[in-house]
Structures are given as C-alpha cells and as structure tokens.
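Now for the letters of each chain:
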Amino acid sequence: MKAGAVKPEAAALAAAAAAVAVGGAYLASKKRGPAEVPTTTTTTILVFGDRGASGLSDNAVTFKYAPLPSPVGPGLWRELKAAAARDLGDGAAIDGVRLFVQSTGSELVEDDDDAILASLKRDAASNGLNVPVLVCTVEGAELSPEANGRTLRKFPWPTSGIDLPFGYGYLLSFTRGKRQLPLFNGYDNLLRAHRTEIRTVRVRRFPYKEDDVRNQEYYGVDYRPHEDEGLIVTIDPDMVSEMLRRQPDFPKMWSAAGERKILNFVERGGLFTGSTVNQDWQTGHGVLPKYFNAIRIQSYYPIVLEKTQVFVREWAKLAASGGKVGHVVPDVADWFTCMTADAVVKASMDYDMRNVERKGEGVEIHRFLFAFRHCFGYLGRRGDPDALDAGGKEYRRQKDVCKEVVVEVTEKTRKGEIGGPLSFVSGMLETKASSTGEYVAMQDFYGHAINIMVAGHETTAATLGFCLAELSRHPECLAKVLEEIEGVMGERSTPTYEDIGKLQYVEACFRETLRMYPAVQALKRECATDTIVLGKYLLRKGQRIETIAYGLHRDPDQWDRGVFGDTEVWNPERFVPGAPATHPNAYVPFGFGVRACIGMQFALLEAKAFLCMMLNFFDMKTPEGFVPVPGGRGGAPTCLNLRLIVKPRPGGPMSRINLFPEAGASGAAPSAGPAKAKSAPAPAVEAKKAPAGKPLLILYGSNTGTCEDFALLLSERASDEGMESKVLTLDEALDAGLLPCTDCPVVIVTSTYNGTPPDNASKFAKWLAGAKQGGLEGMRFAVFGVGNSNWEATYQKFPTDVHQYVDGGACRFNLSMRNLTSLILTLSTLNQSRALSDAGASQIVDLAKIDVSGSDFVETFDDWSSDLLAVISLDLGASTKKAAAGTKKRATFIRALLSSPPADAAKDEVDFIAKMRQVYAKHLGMPVEEVQKNRSNMDFLKVTSSTQLQSEESGRSTCHLELTMAPGKTYESGDHLAVIGVNNDSLVNAALEAMGMTGDEYVECNPGLTAYSREIPNDLPGVPLPARLALIYLPDLSAPPSRKDIKSLADSCPCPPEKFALQKMSDEANFREAVLDTGLTLTEILTKYKSAASAIDIVDFCAMHPRMKPRYYSISSSPLVKPDRCTITVGFVDYYTKAGRYHQGLASGKIHSLTAGSKILGKVHQLNGKFKLPKDPSTPIIMVGPGTGVAPFMGFLEEREMILKKGENLGPAHLFFGCRTSTHDFIYKEKLQAYASNGVLSSDGLHVAFSREERQAKVYVQDLVDENSEEMWKLINELGAIVFICGDAKRMAPDVKKAFISAAAKHGKMSQAAAENWMGGMVNEGRYVEDVYA
C-alpha cells in the first residue's frame, strides 16, 4: 500500500460510516443526533478514505456543514481534515491529512469557507452525484493511482421504464403486465430485456412515504431517498455478495408504510418482521435459531412424520372415493396450509391444532389458524388496521384471538403442561440470548409466534403446491421421483429419517420449485451510511435495496449455462449432484446472511417427507392444460386455482395391507423433545447375510493401538458390507495356526516401532522371514502401511518387508479372479507387503501407505478400505453396483441424543467410568471388580504431588508428577503411562456454541467404540451422560477435520456463499494450506460457516472427530522404590495456530493443572518390550535423552540406586542429557549430579549439552557422543554395553545414530557401509534400543 494511504483496517472505522459529522465555521466539528442538526441550510459533503490498491473506503464520513452568523471556529477546511483524521485516518495527525476532489483529483487547499463551498457545489453539480465527494490521504501522501480520477456514479434509471412525474411511470411498470404480483411485473418491465448487461437499476416508486425515512432509526438524512435517489432494484448476485460481505452496512429495516401495517399485527416485531438494528430482534435471534438447528430438526422428524401420515390418511379417504377417475380436490392450498401449520406449531410449540383432522371431518379449522388467515388477508387487501368500520373491528377481534392462543400456549408451557427441550416457547422462557445476554421480553412472545406461522407454514405449503403442479406437467421428472422413492423405500410405506437424506432428486425438485416460484418475492436491505458498492456505485444513507428473487433466479448466465435451456422452464436437473455450479449468491430462496430463514432445514425435511409419502401413495394430476400462476395476498405467493385429481397409485402402499407401520428416525438421534414425542421404531430390515465361505481374517501389529483401531474399523465396515470378520494380532494368528491361510481373505494391519516389528508381531516377523520363496502360494493379500515420516530412517519399513516376502514370484491379482482367498492389510511400514509377495502370495489391491504425521490419513484409509471391500464383494458374487459403491458408513462413539435426562445418566467422569465397567462386566460375564483388575483398563490415579522442574525465567514448563497406582496394578521401569487427555473449557464451549447446545443435553455413548479394547463389541447397551461431559472426554476436538468431512459439510450447507467457501476449502489443491497447515478445527469451521452447523448434529459432529487417544509418557520412576508409586515427566505444550487459536496440549495441559489430591485417568502400557534395564546389572548402559527424553532414564537410575543399596555390583552407566541452559531447564540437576557422585552413574558418566548457554557455541547430545566416541566404542565393543535412546525422532535420534555409526567406523576401523551394517546388527540384537516420538 502506498505510504500515507488510509489503512484498510481503518476503513472499519467507518463506524464514521454510520455517524454524521456536523460542523460549521463557528462550531466545533462533532457527531450529533437528529435534534442537533442545524435548522439553517446545510451542505452535505462525503469524504472517503484512499485505501491504495484497494481503491476508496467502502463507507464515507458524512460531513454536514452549516455556517453560523458569528464565525468563531477553525474553518471548514480544518474541520473536514479533523473529521477525516478521526474517522478515516486511524487517528492520524490532522496536519498530515490531505483532501482531494474525487471527480477531478485536484487537492482541496486552505481557503475561506465561501470559496471552498463554492468549489464543492461546482463539484456536486458536475460529478453526477448531486453531492460533493472528497478523498483523504494521511501522512502527507499523494492520491493513489487507484483513487485518482476514479469515477463514481449512480446506478442507472431503467431504459424501459416511463419516468412520469412523481414516479407514476415506474408505478405502472409494477402494476401493468401479465403477472399477478407487482414485483414480477417490475422485473419483466424494467430488467428482463437488459438483464445480461444491466442487473441493477434505480426506480421511483410512488407513493412516496417520507415517514418511511423518519422511522428508519437513522438521523441526518436531509433528502428524500425514494424520490431524490430512487429505490435500488437488483437481480445481480454480485450485489447480494456485497451486501452479505458487509452486513452491518446493509441492515434489514422493517419501517416502510406497508411493513408497519404488518407490524400492527405482530406488534413488537419478530425474526421476520423486525429491524436488524433493534435490540429486541437481536435478542430473539440469539435464542430462536437454536430451536431449528440440525439436532432439533432431526428430533422433529417423528412429529413431521406423524402429521404427514395424518394427511395421507385423510387423502386416502378422498382417493378411495373417486373410483377410477379419481377425486378432484378443489382447495389444495387450504389442505396444504393446514398440514404445514399443524406440523410447525406442534414441532416448535408442542401445541396440536389438528387442522388436517378437522378439515377431514368437515368442521371449522382451529381458531388460531382461522384468525391468522383473516388478519393476514385483511392487511394483504390493504385494509387499515386502525379503521373504525366493520372490517377494522373484525380484524382487531381476530387479532385478539391470536393473542389469546399465544398466551394460552405460553402459560401451559410455563406450567410444564406442554413444551420441553424442542419448544421455542420454553427457550424464550428459560434461555438468555447468546447475542445480548437478555431473555426474550414477554411482550415479544406473540410476535415471534406469529412470525413462525408466517415463515413456517405458508411458504412451505405454497411451494409444495407449485412442486406437485410442475411434476404433473413433467411426467418424465415424476417417473424419476417415483424410481428414487421406490429405490430408497422398497415396499415400505413410511420413510425413516435416513431415507429422507437419500431423496436427492426429490430435493432437487423442491429446490427447483423454489427457484421458479420463490416464496419471498423481494429481499430488502437499506444503506446504514453513505457508501460505495461494487467498487464504483454511490448509494446514499437510507436508500433501500430490493433483490427480486424471481429475477435473480432466472438469470441465463447462472441457470441456463448452455446446459439447461430456458430459465422459465422447470427443470430439476439444475440441482442434482454434479450439476454445473452457479454463482454462490444466485439462489436465495431462504434469504441470506443473518436474516436468512432459520427454518430452512425444517422446511426441507417437511417437504421431502411430505412429497415422498404423497407421491408414493397417490397418483396426482392437475386438470389438462393447467399452468401454475403465482398470486395471492398471503404470506407467500400461492399457486392460483390449483386443483389436483387424486387416486391411489397403482402398485403403491394402498394396494397392500398395513399402510402405516410405525417408523422413526432409524439411525438418527432420538427426539430431544418431550418424552411423549417419541420416535417409533423403524420397520424391521432383513439382516445382511455373510457371503459364502470363511470369515475375513483381519490381523494387526500395534504398540500404541493405532493399527488395532484401524483393524476394528475395517471389521466394522466389512460387517456393513455383509461380510463376517475375525480380528487378531499377527502373533495370535500364528499361535492359533491360522497362517498361512489359503481359503479365506486375510487382512493384516501393522506398524513399525522404531524400525522393528510391533511387539505383538515379533513372532510373525520371524515366521515370515523363514518362509521359503513360493511357500505362501495361493494366499491372496493386500498390504496397507501406516507410518510416521518423522521417523525418516525407518518410515514404512516393516510393512514393505512383509509385502515383499509374501508376494515373491506370485502372479498379480486382478479383478477377473473369481475366488479371493486371502487379504492382508498392513498398516504402518511397508516392507511387510513385499515380504508376503516374495513368499508367493498375490495381492488383491496395490500396496498403500499413509503418514500419520499428517491429518488426512483417515481419508486415505477410507478410500483404500472402500476399494478393498468393493473388490472382495465382487469376487464373492455381490452386485457390481454394491461393490463399486463401497461402504461409507462411519460408526461413532456418540450414537444418540436423548429426549430427556435419564435417571441412570453418568454424573461425572468417575461415575461414567463406573457405568462403563458395569456394561463391560455384564458382557464379559464377570464381576465388576475383576474387570477393574484387568491390566488393560484405565484407572483413576491419584496425584500425590506436582513439581515444576524449570526455573521461572525459562519461559517453558516441565512438570514432575507423582501418582499412586490403582490397587493391584504394577509396572516396570521403562514402561509408559498412557494418560487420557481432556478437551479444555474453551474447546468444549466453542463446540457447544457452534452446535447451538448448552451442554446440559444428554447423549448416549457406544461402549464398544468408547472402550480402548477390542474385547468389547459395538452393540452393547449405551451409557447416557451429559453432552458437556461427553465432549470433554470422548472426541479429540483439537484434531483437524478430513477433506471428506469438509466436503460433506459443503454438500449439506444451505447457504450458497458458505457452501462455495467450504467446497473451495475441501478442494485437494487448497485443503492442506487452508486446513492442515493452519490447524483449523471443525469447531472453528462451523463457527465461521454457521449455516453448515445447521446440517449436522452432535452424533455427526463426534463422528467427524477421532476418539480421544491416550498420550504415552515414559515412567520416570522405579517400582523398587515403592511399588504403588509412579512418576512421569511432562513438558507443557502450548502455541498459537496459524488461524490464531491458542492451543494447549490436551494431556499436558490437563497434567499441568493437577494438584495433590487430583485424579487422572491412565494405565500402564508397554510400548517397547526391549526398552528395559539388562537383567545383569553389571552390563554397561549408555543413555541418550535430552529434555523430557531423560524421563525413562530417571527410572533406570532410581532402580540402579536400589540395586546398589542391596550391595550388588553395577556396570558403567553414561547419560547424555541436553537442554538449553544450565540455569533455566537443566531438569533433575541435583539428582543427576548426586547419581554421578554415588556410583549410580559412572563418575564421568554425566554428559550435559547446552544449546543456548551464554557465551558458548551450541552443543547437542550427538556432539557429546562424538566427543566421547572412543570411550563409548570401548563400552559397546569390549564390554557389551546396551544403548538406549529416548526423545525427538525427527532430528535428535537420526543424528545420534549417525554419531554411533561414525564411532564404529572410526574406532572399529570399518567402512561406512560396514558401520551401518554393524548398527543394523545392534538393533536386531536389542542392544541399540530407541523409544522416540514426534
């Protein structure tokens, strides 16, 4: 940016945008309210900031100058500079501010007020804007090239309108035409002919209501926006994007004359009929949207289904009475509004009006719906709410009826007779708004209830009518709809919640109907300040902008695209998956921004369920030649004169017995509403049959549990595909005599641990190494290697070896084979796959690799497992279609949202673990006490002390934590303590807020997927617990989402611009930089793209996160000191992500917060069976462990001290420790020095490397190994020393290994190749043992 140009962030200070600077030659320049605007003639001057390459600031400082008769001020020139410095220059010095005339680029120099005013008036007369416009720079800068001579303009008047006096010409443009609705005629007459060149125009729309402006909560407007400046009418998606990007600058105001009539009905406003700047609206918006989020929507499904079933039953009677010809339903719109009103009021207020039943019985509809229709109809006919005639009196009487019902509902809810978690009335009574911290005022309850009726039933009912009319006109589309419904539901008559999500073409039909017949005709915004849009058009404060959705949705550039043809023709193909993308804001049927419809997801759910059932049951046709025409004066345009000829659909449910089997949200969260709103069980589904043959054999090798998790996940996915499977470790399979296997698919999942096979795959590795070439012929396999690239030297080593051995000499597998017999899935290092190949087995799919140091490895596994299972399915005779699709189902440890607090819900983490153990004990058939004794189970360990090891000046923190072991649990020095981290309050609170939850809701966890054991199946009874507790302990909220998860969010995102942003983020080219490198979490994404959050619930949310994994810490103590005492040494991890989020390690953060008496969940775990002190204490040991890598060696040294106290001889011991300085982070300094003095360490055995010591070159542990290489070589070569390495895997461990190889080459007189072979022998013999980490 050019020096001195106004900073972009300073443009945000165009809060001056909303302010008016009022000054005079003899007045101090200041901001004033409406009463302070001088009554003398004023001159309005607009001042924009120069933002360099970005052009002019969006908003202006509006300066009003009124000369006073006695000049006593600084003068106009100085006042303008002061206002510009304050409001556009980020507080810049006034003397550095320069002012330029925007239209000419000439600088405004100091002069007397009259001369300056004359110059500005000449500019106003010539610039075409009718107001003088200045541009300011700061710090004495010249006008930037981008701002110099920039031509501002106003939007054009239409070329096809007739500008008669007082705007009568434009009035005719809206009232004359073939359309029933004025805005539709306005589009035809003013924009249609020029829509490819001109998408935004100004019009004068008589009659002018200047009190419109006075009621807009603006001040300082000294002109008539609608008459002088014109109403802005647009069909430009870029204009919508601008208003969306700058929502505070373009609030929706509810203050025009016609709107105030509606406001008389709703009284104090509501979410639809209120002004965005109004605090009552902001409070309502902070409460009500939570009752239409994804969790609530899913929970509403049983109610929507029940109301749809009632409707179908009533129409079944009509259809049956019509014989072969069918029954003509003349009042379709009335039927549909009865149904949608019943559904939305029952779902959102728990109040059952039973209008559909009433209409079927031929009795009067509910008084609330009758009164609502009367009032809205009266106002739509331009009735005067204050009229004293009979019409006005009846309007007020019916309005009182509406108010009585709302009061009745509120009182019943307050008393607990109706309501519950799903009722937004309960929410208004009990919940403070997240936006204002206030409760919804009792006076606003009525307005919000009426708004729910306006937006929640008339719009959906009208769109359903248009949709059925268009389907009747397009039999080819109707055939596709019926094919989809039958494909999803088969012969079932009632859809489950899962079924609804599969009805993509049905949804495309509904969305296309909303394109053609938008329920909201115009989306209105107003300018909160004098501003520039689209970089060059000036809009004045108070000017209204109307986006005509009817025209926006007919733009050929967006909706034809050379594919779909005439935009006036209904074509659902525009919305099927894979259709060409449109501008993200070319489709706004539900509004946009903060004023978007909160009930959009409810409307889609209701419409799809209704269309699915109605089209499944009935053959519905409009009379021959019927053409849908939108019209009417209700809350939404309706399909005029719609009649349907209805009869039972041939082959539909009415031809079968038992039309309405109970159905609920199969696979979905149970209702979060009142207990009485229960989801009935889904109809029985035929169990999947396993393919003929023996089970799939899935084998894994794992030290940390990652490969075990992948093996179990693959087993679950195989089960979803109808395949039986058995999961074992590699060694267990060998011990059971299952290898080699040539008669069933075999899957191996394994990892390398520091270059060696996992502990539970060591027997398998030896067996495989001894297999003869061709010895495994007939065995079919596939290997998938999982590794961590931080271990560069050993990355993917073991899986690659396995693949090579097994595959040796055998033919490659190809898809034409008919008998798959064996599959090996190896997760970790890749050499296993090659080993299998060498032994003669043949692979099913190519060897694959994943790197768990990245964040997209789950996505890689998903793709690979889908391909793998698809191939197996083909071989076993499954359909090509099924196999090609693979399996995409994802299990989750949270499987349901509960409707009410269960009596047996876990109260806290201790109670939760106890209840989980009860479930496990019952399944395993043993007492709970026996389950607790199992070494593999987590226990609560009590903290006895916590000590900070680094000095206060260090700036970092390392904690020494002493714990008491659970009764009966033991460990050995060199073992690890697996600790379960927790999500801190900030992560949990942010996640709850993103989902619109409080945390007090209750969920049910899946014990099988919550347990850290494969002994527990996934179908055990669930354990209920509060949602907050679940989010603290179960998902890893800090983990970034996968690319597939973001793509899934994009697919279901209802907001076009947010959908576009998510699609871009999920693109392979952008994903790593946008998500992985930035460290974005799913919560951050949902917080930014709020509409995406409405499409998922807590079950989906948790499914998109990995289970909270144990963090492994080397035990830094010895049980010989005290058997039930255990210590760990933990560095505190914290940093800021590139996205700006402060992150604390989930485990280290928890550990560092613990004090004596606290408890933490953990268990002893042996990651590397070789990382143990030699049984003969006289064997020399060499230990290398910088930083917290010293932890296991503190345990070793404690143990050697106890051995020494027993009088036994100790061999030499050397420790290479590294830290930054001798004064800040030399942890355990006194203890280590004592060990060197008392013989636990050799007298010269403590080697400390300081990398940041003052006045000293950087020294690392590998440097000290090299420095002491001769002595170390003697210990290794002559005395048989064992070398232990612990710490950083990426840099330290490889460099230390190089130092020892160098020592062997130098002192052992070896070549480099021989020295490397020597190192390989050391590793294989267990004399060079690493326990390193990323």
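From a predicted model like this one, the values you see are computed outputs, not experimental measurements.

### Overview of the overall build of the protein chain
Okay, so step 1: Broken down by element type, the protein chain carries 48 helices and 40 strands.
Okay, so step 2: Across the 1334 residues in the protein chain, those meeting the buried criterion constitute 58%.
Okay, so step 3: Partitioning the intrachain contacts of the protein chain with sequence separation of at least 6 by distance along the chain shows that 77% fall at a separation of at least 24.
Okay, so step 4: About 53,100 Å² of surface is accessible on the protein chain, with carbon and sulfur atoms providing 51% of the total.

### A short note on the sheet that holds strand β13 (residues 544-548)
Okay, so step 1: Strand order in the open sheet formed by 4 strands is β7-β8-β13-β10, with mixed pairing between adjacent strands. Strand pairing shows two members of the sheet lacking a second neighbour, β7 (200-203) and β10 (522-526), which therefore form its edges. Ignoring strand direction, the axes of neighbouring strands in this sheet form an average angle of 25°.
Okay, so step 2: Across the face of the sheet, helix α8 (residues 237-245) comes into contact with β8 (231-234), β10 and β13 while running at roughly 130° to β13.

### Digging into the sheet that holds strand β9 (residues 327-329)
Okay, so step 1: Strand order in the open sheet formed by 3 strands is β9-β17-β14, with antiparallel pairing between adjacent strands. Only two strands of the sheet have a single partner each, and these edge strands are β9 and β14 (618-621). Within the sheet, the average angular offset between the axes of one strand and its neighbour, ignoring direction, is 30°.
Okay, so step 2: Where helix α23 (residues 600-617) meets the sheet, it contacts β14 and β17 (644-648), and its direction lies at approximately 95° from that of β14.

### Quick word on a negative patch on the surface
Okay, so step 1: Judged by side-chain charge, E110, D111, D112 and D114 come together as a negatively charged surface patch.
Okay, so step 2: Locating D112 in the fold gives a position in the loop between β5 (98-101) and α3 (113-126).
Okay, so step 3: Judged by relative accessible area, D112 falls into the partly exposed class, the value being 42%.

### Re the pattern of salt bridges
Okay, so step 1: According to the stated counting rule, one finds 57 salt bridges in the structure shown.
Okay, so step 2: A salt bridge links E242 to R246; the nearest nitrogen and oxygen atoms lie 2.9 Å apart. For the pair shown, E242 and R246 are each scored as buried.
Okay, so step 3: Between K608 and E507 there is a salt bridge, with the nearest N and O atoms lying 2.8 Å from each other. Within this pair, whereas K608 is found in helix α23, its partner E507 is found in helix α20 (residues 504-516), the two being separated by 101 residues in sequence.
Okay, so step 4: On the basis of relative accessibility, which here comes to 21%, the residue E507 falls in the partly exposed class.
Okay, so step 5: Within this structure, R51, D58, E242, R245, R246 and D249 form a network of salt bridges that share partners.

### Considering the pairing of strand β3 (residues 43-49)
Moving residue by residue along a regular strand, the side chains alternate between the two faces of the sheet.
Okay, so step 1: The buried count for β3 comes to 7 of 7 residues, which makes it a mostly enclosed element.
Okay, so step 2: Of the two faces of β3, the one lined by T43, I45, V47 and G49 and the one lined by T44, L46 and F48 are each fully buried.
Okay, so step 3: Relative to strand β4 (residues 61-65), β3 runs antiparallel, the two sharing 5 bridges. By the bridge assignment, I45 is partnered in β4 with F63.
Okay, so step 4: In the sheet, β3 pairs with strand β6 (residues 133-137) via 4 bridges, with the strands oriented parallel. The residue bridging L46 from the neighbouring strand is V133, located in β6.

### Quick look at the packing of aromatic side chains
Okay, so step 1: By the definition in use, this model includes 37 aromatic pairs.
Okay, so step 2: An angle of 65° between the planes, with centres 5.0 Å apart, marks the rings of F311 and F610 as edge-to-face. Here F311, found in helix α11 (residues 294-321), pairs with F610, found in helix α23; they are 299 residues apart in sequence, far enough to count as distant.
Okay, so step 3: Put simply, the rings of F265, F372, F376, Y378, Y395 and Y446 touch in pairs and so form one group of aromatic residues.

### Digging into the packing of helix α14 (residues 367-380) against helix α17 (residues 445-473)
Each packed pair of helices is defined by two parameters, the angle between the axes and the distance between the axes.
Okay, so step 1: At a minimum axis separation of 12 Å, α14 and α17 run at an interaxial angle of 90°. Taken as axis vectors, α14 and α17 run roughly perpendicular relative to one another. Facing α14, whose interface residues are F368, L369, F372 and F376, α17 presents I450, M453, V454, H457 and E458.

### Here we look at the nonpolar core
Okay, so step 1: If you look at the biggest cluster of nonpolar residues, it comprises 119 residues, and the most contacted ones within it are F265, W315, F336, L471, L615 and F618.
Okay, so step 2: If near-sequence neighbours (up to four positions away) are discounted, F336 is found in contact with F311, W315, A461, L464, G465, L468, F610 and L644.
Okay, so step 3: Residues V988, V1003, A1093 and M1104 belong to the second largest nonpolar core, which totals 61 residues.

### Observations concerning unusual backbone geometry
Okay, so step 1: Cis rather than trans, the peptide bond between L739 and P740 has omega equal to -5°.
Okay, so step 2: Positive phi outside glycine occurs at E139, with the angle close to 60°.
Okay, so step 3: Locating E139 in the fold gives a position in the loop between β6 and α4 (168-175).
Okay, so step 4: Take E139: its relative accessible area is 60%, and that puts it in the exposed class.

### Description of α23
Okay, so step 1: Given a rise of 1.5 Å per residue, 18 residues ought to cover 26 Å, and the 26 Å separating the end C-alpha atoms of α23 matches this to within 8%.
Okay, so step 2: With 18 of its 18 residues buried, α23 lies for the most part within the structure.

### Things to note about the pairing of β17
Okay, so step 1: With 3 bridges joining them, β9 and β17 adopt antiparallel strand pairing. Looking at the pairing, H327 lines up with V646 of β17.
Okay, so step 2: Relative to β17, β14 is paired through 4 bridges, and the arrangement is antiparallel. Across the sheet, D619 pairs through a bridge with K647, a residue of β17.

### Notes on the packing of helix α47 (residues 1292-1307) against helix α48 (residues 1312-1324)
Okay, so step 1: Contact geometry of α47 with α48 gives a least axis separation of 9 Å together with a crossing angle of 120°. Comparing the axis directions of α47 and α48 gives the class oblique. The interaxial crossing formed by α47 with α48 has right-handed handedness. Across the interface between the two elements, K1297, F1300, I1301, A1304 and A1305 from α47 touch Q1312, A1315, E1316, W1318, M1319 and V1323 from α48.
Okay, so step 2: For the contact of α47 with α48, the class distribution of residues is 8 nonpolar, 1 polar and 2 charged.

### Examining α14
Okay, so step 1: Here α14 contains 14 residues, and its C-alpha end-to-end distance of 20 Å stays within 8% of the 20 Å for a straight helix at 1.5 Å per residue.
Okay, so step 2: Burial analysis of α14 places 10 of its 14 residues in the buried class, which makes it a mostly covered element.
Okay, so step 3: F368, L369, A371, F372, C375, F376, G377, Y378, L379 and G380 are the residues of α14 that are buried.
Okay, so step 4: Just beyond α14, the residue with positive phi is R382, at close to 65°.

### Looking at the environment of N641
Okay, so step 1: With respect to the helices and strands, N641 occurs in the loop between β16 (638-639) and β17.
Okay, so step 2: In sequence terms N641 and A333 are 308 residues apart; their C-alpha atoms lie 8.6 Å from each other.

### Describing the confidence of the model for the protein chain
Okay, so step 1: Of all residues in the protein chain, 81% have pLDDT values of 70 or greater, and the mean over the chain is 81.
Okay, so step 2: Considering each helix and strand of the protein chain separately, the mean pLDDT is smallest for strand β2 (residues 27-31), with a value of 31, and largest for strand β36 (residues 1181-1184), with 98.
Okay, so step 3: Low confidence marks residues 208-219, where pLDDT is under 50. Its contacts with residues over four positions away, or in another chain, come to 39 contacts.

### A few points about the environment of R633
Okay, so step 1: Summarising the element assignment, R633 is placed in the loop between β15 (630-631) and β16.
Okay, so step 2: Along the sequence, R633 and G380 sit 253 residues apart, while their C-alpha atoms lie 4.9 Å from each other.
Okay, so step 3: Apart from the residues lying within four places of it in its own chain, the contact partners of R633 are F376, G380 and R381.

Definitions and cut-offs
Residues numbered from 1 in each chain as written. Predicted model: local features only at pLDDT ≥ 70, side-chain atom pairs only at ≥ 80, totals over all residues. Heavy atoms only, no water. Helix = DSSP H or I, 4+ residues; strand = E, 2+ residues; numbered from the N terminus. Buried < 20%, exposed > 50% of the residue type's maximum accessible area, 1.4 Å probe, protein only. Contact = heavy atoms within 4.5 Å. Areas by Shrake-Rupley, 256 points an atom, 1.4 Å probe, with all protein chains shown as cover. Pairing = 2+ DSSP bridges. Axes fitted to C-alpha atoms, helices over the stretch in contact; angles between N-to-C directions. Patch = residues over 30% accessible without salt bridge, like charges linked within 9 Å, V, L, I, M, F, W, Y side chains within 5 Å. Salt bridge = Lys/Arg side-chain N within 4 Å of Asp/Glu carboxyl O. Lys, Arg positive; Asp, Glu negative; His and termini not counted. Charge placed at Lys NZ, Arg CZ, Asp CG, Glu CD. Phe/Tyr/Trp six-rings, centres within 6.5 Å; stacked < 30°, edge-to-face > 60°. Parallel < 35°, antiparallel > 145°, perpendicular 65-115°, else oblique. Core = buried A, V, L, I, M, F, W, Y, C linked by side-chain atoms within 4.5 Å. Expected span 1.5 Å × (residues − 1). Left-handed = near helix turned anticlockwise from the far one by under 90°. Nonpolar A, V, L, I, M, F, W, Y, C, P; charged D, E, K, R; others polar. pLDDT = per-residue confidence, 0-100.

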